[in-house]
Amino acid sequence: MKGHKSMHHVSLTLQIEVRSGRPLPAGSIVLDNTGSAPIRVWRTGNQWGDTVLSFEVSRGDDTVRIVRQPQVYTRNVPSSLAVPPGTRHEWPFDLGDGQWQADAPLEQVVVPGAQLVAVYNVPPSPEAKDQGVWTGEIRSKPVLLDKSP
Amino acid sequence: MRTFAYKPRATQPTTSAKSTTPGLAPVGQARDRNPILNLQRTLGNQAVQRLLEENRGKGKDDSTALQAQPAAGAIGRSATAAGATSTRNVSGDVSQDEVVTTNGTPAPAPGATPASPPPPAAPSTADGQCYVNSGPTYTPSGAIPVTTSGGRKRATFSMAATFGTALVTVPPRRPRCCEVRQYIKWDSAFHTWRGGPPHSGFPSSATANTWYEDRDTSDKRYGHRSGPHSDPAPGFDEYLTGGTQDQANGDTYRGSDAPGGPASMVGQFQFQLKVIDTCNGDAVKASSGIITINWGSPPPAPAPGVTPPSPAPPATP
């Protein structure tokens, strides 16, 4: 590619930190900026930030997607924040707080022995371009849900 | 439109006799507070007179209009009168049950005028004042259309306001003194459907049919130039000067909102904008008309227990 070459590189990793597995997993999704440049991510609380995170639960050959339920907005503004290089950003989650939905009841989907994957997907948009928000998709490594009683 | 209010007596140099009158400021204070006097002393009366004549007869609302003001001793009365008349209500439909919240002061009822001239007030000590050139306005106005897509309802509208600059007024008109606020009120049908306020940014004790300053779940709010509630975003919540974002001093406000929720949402939201003067105790300077979003009606309640008719008695032969 011709032209200016950036001296910075973007490198991101995503992981799930489960703090509680009962009755449904709760914890944080952690985005680590391991690159040399700051990146911008959407804040939650608006239609841009509330739709970037989802989960996939796999058991055997079946995979079910879990998404956040539509939220009520009164001030719906795309709001972003910077994640400096070498730092992390956490999104707390609780699949049991009634804010998540799937094609089947979560209690039947998120069961011991299943594998949970977090997906961070930011589609391109004029707002993302305006604010320099990183766009793309990354996935966490699977987390095996606890089999112990 | 420009305006020019020339009050030659007020701009004449104050005599020493007048300066000793109770309520009048000493000449030294007048020098500090009245730029017209300063201009006269610097340029001479004729030069200032020419400058004033050039502006005579021009429109009233030009943000750069040169306005002569009374000398220091009359500032208090003038400021009071100006304050009473410059609080504009664009639509005149401010409701009577508003506002209740932090940083929100209700606008005076439309058309409310004092029964008698306001008493003289102390000279203003503010280093600036907010002057609203236009707005605040919503586009569209009135009832906002609702769209449903992908299992969500949404209504989109934009906001606008402009503010004046005039350094020769007392206090000077400074756009940085003007800040926009958006207020929201939801009705009982929505509150019942939701089981409380719209989201966690509002206190759980928030009630229906009450005006609150709008916010998101992070307690970010429209129009705050700085501070913990400030969250400027290009095209959605920003101040500009000459088309360039200027959060601190911008003379133009531009905003956009797209409230919404699940397709099952019912009830009504109402919004209203106000411009407040942060240099003068957050006084409300202008208000927009109220816009209304009807999310839909709740499903009809089941009919009250209708008991089936008692079986007909067996027919007797």
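The present account deals with the structure reproduced in this document. The written sequence of each chain sets the order in which its residues are numbered from 1. Written order determines the labels here, with chains lettered from A and ligands numbered from 1. A pLDDT threshold of at least 70 governs which residues receive local features in this predicted model, and a stricter bar of 80 or more applies before side-chain atom pairs are shown or counted, although totals over entire chains, interfaces and linings include all residues.

## Observations regarding the overall build of chain A
(1) Moving on: Secondary structure assignment for chain A yields 2 helices and 11 strands.
(2) Moving on: Counting other C-beta atoms within 10 Å of its own, a residue is labelled buried from 20 upward, exposed at 12 or fewer, and partly exposed in the gap between, with every C-beta atom placed from the backbone. Counting over 149 residues, chain A shows a buried share of 29%.
(3) Moving on: Across chain A, contacts joining residues at least 24 apart in sequence account for 71% of those joining residues at least 6 apart. Helix and strand assignments come from DSSP, with helices taken as H or I runs of at least 4 residues and strands as E runs of at least 2, each series counted from the N terminus. We call two residues in contact when their backbone-placed C-beta atoms lie within 7 Å.

## Overview of the sheet that holds strand β11 (residues 260–262) of chain B
Residues and elements named next belong to chain B.
(1) Moving on: Here 3 strands make up an open sheet; going across it, the order is β3-β4-β11 and the pairing antiparallel. Looking at strand neighbours, the two that pair on one side only are β3 (147–149) and β11, the edges of this open sheet. Neighbour to neighbour, the strand axes of the sheet diverge by 20° on average, direction disregarded.
(2) Moving on: The pairing of strand β4 (residues 152–154) with β11 spans 3 bridges and is classified as antiparallel. Two strands pair under a simple rule: DSSP has to find at least two bridges between them. An axis is simply a line fitted to the C-alpha atoms; with a helix, the fit covers only the stretch in contact. Between two such axes, the angle follows the N-to-C directions and lies from 0 to 180 degrees.

## Notes on the nonpolar core
(1) Moving on: C130(B), V132(B), V180(B) and V275(B) are the most contacted members of the largest nonpolar core, which totals 38 residues.
(2) Moving on: Residue assignment for this core shows that the elements contributing at least two residues are β2 (132–139), β5 (157–163), β6 (178–186), α7 (188–194), β12 (267–277), β13 (283–287) and β14 (291–296) of chain B.
(3) Moving on: Beyond its immediate chain neighbours, meaning those up to four positions away, C130(B) contacts F163(B), C177(B), C178(B), V275(B), D277(B), C279(B) and K285(B).
(4) Moving on: We call a set of buried Ala, Val, Leu, Ile, Met, Phe, Trp, Tyr and Cys residues a nonpolar core when their C-beta atoms link them within 7 Å. Membership of the second largest hydrophobic core comes to 22 residues, among which are I29(A), W42(A), L53(A) and V110(A).

## Structural notes on unusual backbone geometry
All names here are of chain B.
(1) Moving on: Following G135, the chain continues into P136 via a peptide bond in cis, with omega recorded as 0°.
(2) Moving on: One can find P136 in strand β2.
(3) Moving on: A cis geometry characterises the amide bond from T139 onward to P140, with omega recorded as -5°.
(4) Moving on: If you trace the backbone, P140 turns up in the loop between β2 and β3.
(5) Moving on: The backbone phi angle of N209 is positive, close to 60°, even though this residue is not glycine.
(6) Moving on: Along the chain, the position of N209 falls in the loop between α7 and β7 (212–213).
(7) Moving on: The backbone of D219 sits at a positive phi, close to 60°, despite the residue not being glycine.
(8) Moving on: Relative to the helices and strands, D219 resides in the loop between β7 and β8 (237–241).

## Re the pairing of strand β5 (residues 62–68) of chain A
When a strand is regular, its side chains alternate between the sheet's two faces.
Residues and elements named next belong to chain A.
(1) Moving on: One ladder, built from 6 bridges, connects strand β4 (residues 53–59) with β5; its direction is antiparallel. Following the sheet pairing, E56 is matched in β5 by R65.
(2) Moving on: Hairpin connection, β4 to β5: the antiparallel pair is bridged by 2 residues, and G60 has positive phi, about 65°.
(3) Moving on: Relative to strand β8 (residues 100–101), β5 runs antiparallel, the two being bridged by 2 bridges. Looking at the pairing, R68 lines up with W100 of β8.

## As for the interface of chain A and chain B
(1) Moving on: At the junction of the two partners, chain A supplies 15 residues and chain B supplies 26 residues.
(2) Moving on: Among the residues forming the side of chain A that touches chain B, the class breakdown is 5 nonpolar, 7 polar and 3 charged. Charged means Asp, Glu, Lys or Arg here, nonpolar means Ala, Val, Leu, Ile, Met, Phe, Trp, Tyr, Cys or Pro, and polar covers whatever is left, Gly included.

## Quick word on the sheet that holds strand β7 (residues 88–94) of chain A
Residue and element names in this part refer to chain A.
(1) Moving on: The antiparallel open sheet is built from 3 strands, whose spatial order is β1-β2-β7. For this open sheet the edge positions go to β1 (12–20) and β7, each flanked by a neighbour on one side alone. Taken pair by pair, the neighbouring strands of this sheet meet at an average axis angle of 20°, ignoring direction.
(2) Moving on: The pairing of strand β2 (residues 26–33) with β7 spans 7 bridges and is classified as antiparallel. Note that in β7 the partner of G27 across the bridge is F93.

## Some points on the environment of W48(A)
All names here are of chain A.
(1) Moving on: Note that W48 resides in the loop between β3 (39–42) and β4.
(2) Moving on: The sequence separation of W48 and S125 amounts to 77 residues, and the corresponding C-alpha distance is 9.4 Å.
(3) Moving on: Here W48 is in contact with W42, P78 and E127, once residues within four sequence places are set aside.

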